[in-house]
Amino acid sequence: MILHKLTLNNVGLFSKPQTAHLTPNNGKPLILIGGMNGTGKTTLLEAVRLCLYGRRALGSRVSQNEYNEFLAKMIHRNPNSVLSPEQASVSLEFEYARNNEKRQFRVERSWQRYGTVGNIKEVLTIYENDELNTEFDAEHWQDYLYELIPIGVSQFFFFDGEDIQKLTDDSTHDFSLAESIKALLGINLVERLQSDLRIYANRLFKSNSPEPVQTEIETIEAEIATLRTSLTDAEAHTVSLHTQIKELEAQIARQESRIAAEGGSYAEKRESLKLQQEQLCTEIEELENEIRDLCGELFPFALGSDLLKRLRKRLLKEIELGEWESRNRALKTQNKKLLETLESGTFWDDASLSESQIEIVRSKIAPLLKMQLERPEKLQAFKKKRDRSISEYNQLLKWIDACLNDVPQKFRTLDHTLREIQLEQQRVEQALQRAPDEDILKPMIENLSSLNQSLGQLRKQEQDADRSIRSLNYQLAETERKLQRLHNTEQLRETNIQRQKQVEDVQSVLSIYTTKLTETKIVTLGNAIVEGFNQLSHKPDRIKRVELDPRTFAVKLYDTDNQPLSKEELSAGEKQIYSTALLWGLAKTSGKALPMILDTPLGRLDSNHRQLLIERYFPYASHQVILLSTDTEIDKSFLSLLEPHLSHTLHLVYQQAETRTTIEDGYFGELLCD
């Protein structure tokens, strides 16, 4: 299994979608995520557990109300925001080998708060290879995840520093570890099989109890005979009804043919045809009135389209001439003022020009002004028929455009509609002419109605008979199966006795197998714990041997003198090293290829033990190891030791102004720059 991506949206301090990319690169197993205390490191670990296991992530005895309160508290809260989000979600993408095939999974868990804290709606969705999982119903998706990555197994791969400390507490941890260790080592499957065999054996024992079978067999055989007689009678009655129905259907077909020959279909529609005829007459009258109104307005002018186009051209030219004349009058006034100014002696007082020079200027300007007043060549010979205002011109042009475009189109539409309705009117009138008199059809229709009523009654009787046959067949089949079970009882007794003996033999073998398997596994696990402890401790001779109780899996330690060593005698650092060795040994013994997620794993260790974990444990704990650390746990010196095995680093940065955490690349940038 390889984790690829974890996305949190409004979870804890992670406001809005924040994604941690976790895929190991370049064959290096370590991904280091740095963050100060209180920035959300533990939230990342909780999010993985929550996404996969839901309520079970909090423990097996957590109630639904407690779980709902936990989900509500996990929704991001911003004290500076007026509106806080009401929903949150976690998405985990990972690769998992199932049925010898690598598959890409995306598990999404979202929840939304409604009203009170306890009112939470949760949705779980699973995608495989980017397609919604349809192998299981949605209600069984959580069970599918439990089977895929058992929660008892996961606690040895996804853990924080507090979990490690609890493993050294003799008073609490051994019992809680037992079931999880069994699941991790595969022992629980054998125990489950033994439990199923006990249930099966109890059922066999009950089936062997004596009972008076023969009397019941005789009663059931008599019941079967009665059912078969009733079934034969019902089938014969159904055949008779079917024959009557066929004959009646033939009579109805003949009667309908006679009515059709007399125009019966038209007679049935007489009233609707009359109503349709009246409606069509009304529509025709309305259309004719519309056409008359159109002809009384602009339509006659539309008949002379060429004349209208010529008139339109002339009106546009008159408008152009009017605009030129208006501009010309204004220009004449301006030119006159300009010439008067040029003739004035005072205008030239401040000019150092002689009188002859001034006259030259006047003689050049005057022709230019006169040229501006000349009529354009295209308007030279053109004259208006009469003076009109610009609004009159616009109205005339509007009428001309309507005559050339809108009026002919409207007339064509009205004419086409009128012709269609007139054709429909002709069809309705022809249909009315074909409809026969009511006196001819009435007796024929009454006879047809009587035949149809009889047919309906027969069909109802046929349906009742069919239901009766189905019911009798079902009762007969059930009774025959009951008889067969009774016949088999005597045979089963001997067989069950043999099976019960076989179950007892299998249970005995499984008991021996469980004992041997457990003994083998705990020896392997004990050796792995010793090996791990000696690799990680600066006192490699501190623990010589480890024993595990085959029933409770309680752990006993022995020193170099082969004397029992209490865990209380271990220092705080040694306790953490022992717990880490226990987890490492469980992971190796299980053979499960799961990633490791370790949250603040160096909390109580001195520098020597930290260095040993960094050099000998983290790079080899799994094919993918995700470390969640503060800058004091893994500082610059320890970071350099991890560097050869480090795929990439991430940094949880708390944004004080926004009261939220973002996921960024790098590991404490200031630390790296020192």
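For every chain, the first residue of its written sequence is number 1, and the numbers climb from 1 along that sequence. For a predicted model such as this one, the threshold for reporting local features is a pLDDT of at least 70, and the threshold for listing and counting side-chain atom pairs is 80 or more; totals across whole chains, interfaces and linings nevertheless cover every residue. Each side-chain value is derived from all of the structure's non-hydrogen atoms; neither hydrogens nor water enter the calculation.

All right, on to the overall build of the protein chain then. Only runs of H or I of at least four residues qualify as helices and only runs of E of at least two qualify as strands under DSSP, and these elements are numbered from the N terminus. Scanning the protein chain from N- to C-terminus turns up 19 helices and 15 strands. For each residue, the accessible area found with a 1.4 Å probe, counting protein chains only, is set against the maximum for its type, and the residue is called buried under 20%, exposed over 50%, and partly exposed in between. Sorting the 674 residues of the protein chain into buried and exposed places 39% on the buried side. A separation threshold of at least 6 residues defines the contact pool for the protein chain, and within that pool the share at least 24 residues apart is 73%. With the model as given, the accessible surface of the protein chain reaches about 39200 Å², and the carbon-plus-sulfur share is 50%. Whether two residues are in contact is decided by their heavy atoms, any of which lying within 4.5 Å being enough. Surface accessibility in these figures is a Shrake-Rupley result with a 1.4 Å probe; residues are shielded only by whichever protein chains are displayed.

For the rest of this paragraph, the subject is the packing of helix α1 (residues 41-53) against helix α3 (residues 141-148). Axes, fitted as lines to C-alpha atoms, cover a helix only where it is in contact. Angles between the N-to-C directions of the axes lie from 0 to 180 degrees. Contact pair α1 / α3: the axes reach a minimum separation of 8 Å and the direction vectors enclose 120°. As the angle between them shows, α1 and α3 are arranged oblique. Together, Cys-51, Leu-52 and Tyr-53 of α1 and Gln-142, Leu-145 and Tyr-146 of α3 make up the contact between the two elements. The residue makeup of the contact of α1 with α3, split by class, is five nonpolar, one polar and no charged. Geometric relationships in this document are graded by angle, where less than 35 degrees denotes roughly parallel, more than 145 denotes roughly antiparallel, 65 to 115 denotes roughly perpendicular, and other angles denote oblique. Throughout this entry, Asp, Glu, Lys and Arg are counted as charged residues, while Ala, Val, Leu, Ile, Met, Phe, Trp, Tyr, Cys and Pro are counted as nonpolar. The remaining residues, Gly among them, count as polar.

Let us look at the sheet that holds strand β7 (residues 131-132). A pair of strands is labelled paired if DSSP reports no fewer than 2 bridges between them. Overall, antiparallel pairing links the six strands, which are arranged β2-β1-β4-β5-β6-β7 in an open sheet. Taken across any chain shown, the strands that pair with only one partner, and hence form the sheet edges, are β2 (14-21) and β7. Inspection of the sheet shows strand β1 (residues 2-11) paired to β2 by six bridges, in the antiparallel sense. Looking at β2, one finds that Val-11 is bridged to Phe-14. Helix-sheet contacts for α3 involve β4 (87-98), β5 (101-113), β6 (120-128) and β7, and the interaxial angle to β6 is about 55°.

What follows covers the nonpolar core. By size, the foremost hydrophobic cluster in this structure holds 101 residues, and its most contacted members are Phe-94, Trp-111, Tyr-617 and Phe-618. The greatest single-element share of this core, amounting to nine residues, is contributed by helix α15 (residues 438-536). We define a nonpolar core as any set of buried Ala, Val, Leu, Ile, Met, Phe, Trp, Tyr and Cys residues linked to one another through side-chain atoms lying within 4.5 Å.

What follows covers the sheet that holds strand β11 (residues 564-565). Here three strands make up an open sheet; going across it, the order is β9-β10-β11 and the pairing antiparallel. Where the open sheet ends on each side, the last strands, each with one partner, are β9 (545-548) and β11.

Once that is clear, we can look at helix α12 (residues 305-343). Over its 39 residues, α12 runs 56 Å from end to end, which matches the ideal 57 Å to within 8%, given 1.5 Å per residue. Residues Leu-308, Leu-315, Glu-318, Ile-319, Leu-321, Gly-322, Trp-324, Asn-328, Asn-335 and Leu-342 constitute the buried set of α12. Each residue after the first adds 1.5 Å to the expected span of a helix.

All right, on to the environment of His-623 then. If you trace the backbone, His-623 turns up in the loop between α17 (607-616) and β13 (625-629). When the C-alpha positions of His-623 and Leu-30 are compared, they lie 8.4 Å apart, and in sequence the two are 593 residues distant. Those residues within four positions of His-623 in sequence are excluded, and the remaining contacts are Met-1, Ile-2, Pro-24, Pro-29, Ala-593, Leu-594 and Pro-595. Within the structure, His-623 has its side chain in polar contact with the backbone oxygen of Met-1 (distance 2.4 Å). Under this definition, polar contacts are N or O atom pairs within 3.5 Å; protein pairs additionally need one hydrogen-donor-capable and one acceptor-capable atom, and for neighbouring residues in sequence, both atoms have to be side-chain atoms.

This part is about unusual backbone geometry. Even without a glycine there, the phi angle at Lys-16 is positive, about 65°. Even without being a glycine, Asp-130 presents a positive backbone phi close to 65°. By the element assignment, Asp-130 lies in the loop between β6 and β7. The exposure class assigned to Asp-130 is exposed, which follows from its relative accessible area of 67%.

One side-chain nitrogen of Lys or Arg within 4 Å of one carboxyl oxygen of Asp or Glu is enough to make a salt bridge. The final tally for this structure, using the stated rule, is 20 salt bridges. In this structure, Glu-128 and Arg-103 form a salt bridge, with 2.7 Å as the shortest nitrogen-oxygen distance. Placement of the pair is Glu-128 in strand β6 and Arg-103 in strand β5, with a sequence separation of 25 residues. Glu-574 serves as the salt-bridge partner of Arg-542, at 3.4 Å between the closest nitrogen and oxygen.

Consecutive side chains of a regular strand alternate in pointing toward one face of the sheet and then the other. One ladder, built from four bridges, connects β9 with strand β10 (residues 555-558); its direction is antiparallel. Within β10, the position partnered with Arg-545 by the bridge is Tyr-558. Taking the residues between adjacent antiparallel strands as the criterion, β9 and β10 are bridged by six residues, where Phe-553 takes a positive phi near 60°. Pairing analysis gives two bridges linking β10 to β11, with the strands arranged antiparallel. If you follow Leu-557 over to β11, its bridge partner there is Leu-565. Hairpin connection, β10 to β11: the antiparallel pair is bridged by five residues, and Asn-562 has positive phi, about 65°.

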